[in-house]
Amino acid sequence: MIAGFAALLGLSAAGNLLAGALHIPVPGPVLAGVALVCWLARRPQDVAFFGSADRLIAAMPLLFVPLVVGAAASLSVLGGALTPFVLTLTASTLAALIATVAVARLTTWLCSRSH
Amino acid sequence: MALFALALTLVSYELARRYVRGLPPVLTSAAVLIVVLPLLHVTHADYATGTWVLVALLSPAVVALALPFHRRRAALAASALPTVAGVVAGAAAGIAVAVLAGHALGLSDLLVRAVAPRAATTPIAVAIAGTLGANAHLTAAAALVGGVLCALLAPLALRLARDPHAAGLGLGLAAHGFGTARAAQLDETAGASAATAMALNGLATALLAPLLVPLLLR
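Residues numbered from 1 in each chain as written. Chains lettered and ligands numbered in written order. Predicted model: local features only at pLDDT ≥ 70, side-chain atom pairs only at ≥ 80, totals over all residues.

1. Description of the overall build of chain B
Point 1. When helices and strands are tallied, chain B shows 13 helices and zero strands.
Point 2. In sequence order, the secondary structure elements of chain B are arranged as α-α-α-α-α-α-α-α-α-α-α-α-α.
Point 3. By principal-axis analysis of the C-alpha atoms, chain B measures approximately 55 × 45 × 30 Å.
Point 4. Within the span of chain B, comprising 218 residues, buried residues form 60% of the whole.
Point 5. Across chain B, the fraction of contacts at a sequence separation of at least 24, relative to all contacts at a separation of at least 6, is 63%. (Helix = DSSP H or I, 4+ residues; strand = E, 2+ residues; numbered from the N terminus. Buried ≥ 20, exposed ≤ 12 C-beta atoms within 10 Å, placed from the backbone. Contact = placed C-beta atoms within 7 Å.)

2. Remarks on the overall build of chain A
Point 1. A count of helices and strands for chain A gives five helices and zero strands.
Point 2. From first element to last, N terminus to C terminus, chain A shows the α and β order α-α-α-α-α.
Point 3. Each principal axis of the C-alpha atoms in chain A carries an extent, and together these give about 55 × 50 × 30 Å.
Point 4. By the burial criterion, 37% of the 115 residues in chain A qualify as buried.

3. Comments concerning the interface of chain A and chain B
Point 1. Listed per partner, the contact involves 59 residues of chain A and 86 residues of chain B.
Point 2. For the side of chain A that touches chain B, the secondary structure elements donating two or more residues are α1 (2-22), α2 (28-42), α3 (52-58), α4 (60-78) and α5 (82-114) of chain A.
Point 3. The element contributing the most residues to the side of chain A that touches chain B is α5(A), with 20 residues.
Point 4. Among the residues making up the side of chain A that touches chain B, the classes are represented as 47 nonpolar, 10 polar and two charged. (Nonpolar A, V, L, I, M, F, W, Y, C, P; charged D, E, K, R; others polar.)

4. Points about α4(A)
All names here are of chain A.
Point 1. Spanning 19 residues, α4 covers 26 Å between terminal C-alpha atoms, matching the ideal 27 Å at 1.5 Å per step.
Point 2. Its maximal kink placed at Ala 72, α4 deviates by approximately 40 degrees.
Point 3. Along α4, the residues that are buried comprise Met 60, Pro 61, Leu 63, Phe 64, Val 65, Pro 66, Leu 67, Val 68, Val 69, Gly 70 and Ala 71.
Point 4. One or two steps after α4, the chain reaches Gly 79, where phi turns positive at roughly 60 degrees. (Expected span 1.5 Å × (residues − 1). Bend = angle between axes of the 7 residues up to and from the residue.)

5. Some remarks on the domain arrangement of chain A
Point 1. Under the domain assignment used here, chain A contains domain 1 (1-64) and domain 2 (73-115).
Point 2. One C-alpha centre belongs to domain 1 of chain A, the other to domain 2 of chain A; they are set 28 Å apart. (Domains from an automatic or database assignment.)

6. Some words on the nonpolar core
One recurring pattern in soluble globular proteins is that nonpolar side chains are buried together.
Point 1. By size, the foremost hydrophobic cluster in this structure holds 114 residues, and its most contacted members are A:Val68, B:Ile95, B:Ala140 and B:Leu171.
Point 2. With 14 residues, helix α13 (residues 188-217) of chain B is the single largest residue contributor to this core.
Point 3. Excluding residues within four positions of it along the chain, B:Leu171 makes contact with B:Ala151, B:Ala154, B:Ala157, B:Gly179, B:Thr180, B:Arg182, B:Ala183, B:Ala190 and B:Ala194. (Core = buried A, V, L, I, M, F, W, Y, C linked by C-beta atoms within 7 Å.)

7. A word on the packing of α5(A) against helix α7 (residues 80-104) of chain B
Point 1. The contact between α5(A) and α7(B) brings their axes to 7 Å, and the two run at 155 degrees. By the angle between their axes, α5(A) is roughly antiparallel relative to α7(B). Here α5(A) and α7(B) pass one another in a crossing that is right-handed.
Point 2. Class assignment of the residues belonging to the contact of α5(A) with α7(B) gives a composition of 16 nonpolar, 10 polar and no charged. (Axes fitted to C-alpha atoms, helices over the stretch in contact; angles between N-to-C directions. Parallel < 35°, antiparallel > 145°, perpendicular 65-115°, else oblique. Left-handed = near helix turned anticlockwise from the far one by under 90°.)

8. Looking at the environment of B:Arg159
Point 1. Within the secondary structure, B:Arg159 sits in helix α11 (residues 154-161).
Point 2. Spatially, the C-alpha atom of B:Arg159 lies 31 Å from that of B:Leu207, the residues being 48 residues apart in sequence.

9. Considerations on the packing of helix α12 (residues 164-186) of chain B against α13(B)
Residues and elements named next belong to chain B.
Point 1. The contact between α12 and α13 brings their axes to 6 Å, and the two run at 80 degrees. On the basis of the axis angle, α12 is roughly perpendicular to α13.
Point 2. Here the residues of the contact of α12 with α13 sort into 14 nonpolar, 12 polar and no charged.

10. Some points on unusual backbone geometry
Point 1. Here the phi dihedral of A:His23 falls at roughly 55 degrees; this positive angle occurs in a residue that is not glycine.
Point 2. Structurally, A:His23 can be placed in the loop between α1 and α2.
Point 3. You will see that B:His41, though not glycine, has its phi angle at about 60 degrees, which is positive.
Point 4. Here B:His41 lies in the loop between α2 (25-39) and α3 (44-56).

11. Regarding α13(B)
Point 1. Within α13(B), the axis deviates most sharply at B:Ala209, by approximately 40 degrees, and proline B:Pro210 lies no more than four positions further along.
Point 2. Across the 30 residues of α13(B), 21 count as buried, placing the element largely inside the fold.

12. Looking at the domain arrangement of chain B
Accessible area lost on assembly of the parts is the figure often given for the size of an interface.
Point 1. The domain architecture assigned to chain B consists of domain 1 (2-56) and domain 2 (66-217).
Point 2. Distance between the C-alpha centres of domain 1 of chain B and domain 2 of chain B: 26 Å.

Below you can see the structure in the form of structure tokens.
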């Protein structure tokens, strides 16, 4: 379990190094995650080695607590912009939801017609 | 003092997880800490020093998301085209509307950058905020609060979409973990589709936000 956890830490560090060195504007851990997905596609038997991944994911909400507490301190950054910030957040969320459902339905319909 | 802040965080999270129903423990425990920390004379700087290890663990947690994604690859292959098209459209719409609406409402560039990646699952949204040079605290709060509120729309989305696969994709994309959990309670297909969309959107938003945000902010 420790070895698997160490591998996750090493991968995220390697991803950060790679993104920094090559100036890739994608978070290093995301690059590392993609690399791990590709690795597991070739060697599915290695899933057991990364067993600590599921524990880390289960504990993930706890990891956000300090960020949310910090957000309260960042409210001063918002200044008087709390209402437009919340409105922007709402508009973006609804747009994402509606666009996904609409395009997925449209594509399903187009696929069924072409068959 | 540093260990005290960490202990306080763990205790409040565990108490919230066990005894508070209806709201996610991350939000209730954070609300309690926001009230309690000043009473105990713990400064924001002390608190951040004490809890940095939790935030640092978010990076390996993002890598760990590769495993659930790996397990979902068969479901993804079954309806690859509608799934990928829906996710790319939803991710792009979420980012574009955040930038355009934020600008129209007079938000600063810095705040726009903080909202733009919010549809991605929270750890990835936080990582993207770092890439975009935004305030990661605000992005985390926006991702979590937006996710919780959007998950409330789950029954309505399922009814209006009349297609559990499409509704699930939308909920997983726009409300990540919260939307996925709610969709899974309501409909098995929707829950599976939501999990797929959440995983794919982490990647889609990570790729699209650094491209679209600077482009639209010009």
